[in-house]
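Inside the fold
Chain by chain, the residues run as shown.
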Amino acid sequence: MSKNSKVLNLKDKISGNEVDLSLCNLTEVPVRELALFPKVTVVDLSCNNITSLPPEFCNLTHLVKVDLSKNQLTGLPDDLGNLVNLQHLDLYNNKLTNLPVSFSQLRSLKWLDLKDNPLELGLAKAAGDCLDEKQCKQCATKVLQHMRAIQEEVDHAREKRLLREKELERKREAKQREREAREREARKREKAEEKEKRRKEYNAQKAALAAQEQQKKKSEEKKKKNGQAADKKVAVESKPKPRRSVIGLIFKLLLLLLVGLAGVAAVCHLTDLQKEAFCLPINAAVDDGLSWAKEQQIVDLYQ
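Keep in mind the model is a prediction, meaning the values are calculated, not measured.

Before going further, it helps to spend a moment on the sheet that holds strand β6 (residues 111-113). With respect to topology, 6 strands assemble into an open sheet ordered β1-β2-β3-β4-β5-β6, the strand pairing being mixed. Every interior strand has two partners, whereas the edge strands, β1 (14-15) and β6, have only one. Across 3 bridges, strand β5 (residues 88-90) lies against β6 in parallel orientation. Bridging from a neighbouring strand, Leu 89 pairs with Leu 112 of β6.

Printed below as a string of structure tokens:
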């Protein structure tokens with residue numbers, strides 16, 4: 001069946017603000033088609049084979065009365081509380097055990113029938129018998145109270161869970177901050193140690209260079225002192241040598257001269273050459289010298 005035929009069929013079932021879809025052997029709720037008729041506020045879906053309501057059903061916020069009795073519903077959508085205008089809800093003879101927590105938000109609900117459902121004990125006690133109009137109204141009031149209490153418990157549990165999660169997150173963050181602080185301190189300590197190590201190495205290198213420079217300076221000073229001492233010694237030792245050598249040379253020359261003169265005198269005095277002309281003054285000088293020596297010897301004796 002096409003969408004258009006569905007729309008036409010739905011139109012055929014609309015009367016005023018009501019649509020009757022009971023006994024249509026439906027297994028699903030025609031939500032899209034119902035959404036096309038926002039003026040329809042009363043929907044009868046009783047006596048079908050519907051097992052669940054789609055989540056989109058909760059968008060039909062214009063609904064005021066819904067009859068889902070005598071179906072096969074095992075649960076209701078979690079967002080059922082979005083039907084804020086719903087006043088009348090018939091869930092008689094289904095297979096419901098629980099209601100969604102959001103049921104507590106149906107603040108407009110004034111009539112509710114939950115008979116012949118395998119409800120859990122607390123919900124069944126709140127729902128009561130619902131055998132007449134008064135009991136069905138009481139059912140709506142008490143079930144809303146029951147679901148609000150459950151909502152409070154859920155909210156409280158959620159709040160406790162959130163607080164616990166926040167506390168755990170706070171502890172994790174504190175541990176993270178503590179770990180980061182330890183890591184920063186460790187990095188800071190490592191940097192300080194590395195800096196101190198470099199400083200010691202620099203000071204050691206500087207001291208070694210200073211020691212080498214000092215040693216070099218002492219060595220140079222020592223060499224300089226040794227050089228000056230050697231130069232002084234050489235100067236002291238070398239200066240007299242030329243003097244002694246010159247004096248010796250002069251002395252040797254004089255000695256040779258005297259020896260030569262003595263030799264010449266001897267030759268001229270003792271040999272046949274004494275009569276030669278160049279020997280005469282030599283012999284005369286020798287005789288004068290001998291005479292002078294004898295005179296000096298006689299004077300020394302008398303003294």
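Having seen the structure, we can now continue with the description.
A separate point is the pattern of salt bridges. Evaluation of the coordinates by the stated rule reveals 8 salt bridges. For the salt bridge of Asp 113 with Lys 115, the shortest nitrogen-to-oxygen distance reads 2.8 Å. Of the residues examined, Asp 113 reaches a relative accessible area of 5% and is grouped as buried. The residue Glu 196 makes a salt bridge to Arg 199 at a minimum N-O spacing of 2.3 Å. Residue Glu 196 and its partner Arg 199 are both found in helix α4 (residues 133-238); the two are separated by 3 residues, about one turn of the helix.

Judged by side-chain polarity, Ile 250, Leu 254, Leu 257, Leu 258 and Leu 261 come together as a nonpolar surface patch covering roughly 480 Å² of accessible area. Relative to the assigned elements, Ile 250 resides in helix α5 (residues 240-270). Judged by its relative accessible area of 44%, Ile 250 falls in the partly exposed class.

This part is about the side chain of Gln 151. Structurally, Gln 151 can be placed in helix α4. Contact partners of Gln 151, with chain neighbours within four places excluded, come to Val 101, Ser 102, Ser 104 and Gln 105.

Turning next to the confidence of the model for the chain. With 83% of its residues at a pLDDT of 70 or more, the chain shows a mean pLDDT of 84. A low-confidence stretch, residues 1-8 stays under pLDDT 50, and its non-local contacts, those more than four residues away or across chains, total 7 contacts.

Thresholds, definitions, all that
- Residues numbered from 1 in each chain as written.
- Predicted model: local features only at pLDDT ≥ 70, side-chain atom pairs only at ≥ 80, totals over all residues.
- Heavy atoms only, no water.
- Pairing = 2+ DSSP bridges.
- Helix = DSSP H or I, 4+ residues; strand = E, 2+ residues; numbered from the N terminus.
- Salt bridge = Lys/Arg side-chain N within 4 Å of Asp/Glu carboxyl O.
- Buried < 20%, exposed > 50% of the residue type's maximum accessible area, 1.4 Å probe, protein only.
- Patch = residues over 30% accessible without salt bridge, like charges linked within 9 Å, V, L, I, M, F, W, Y side chains within 5 Å.
- Areas by Shrake-Rupley, 256 points an atom, 1.4 Å probe, with all protein chains shown as cover.
- Contact = heavy atoms within 4.5 Å.
- pLDDT = per-residue confidence, 0-100.

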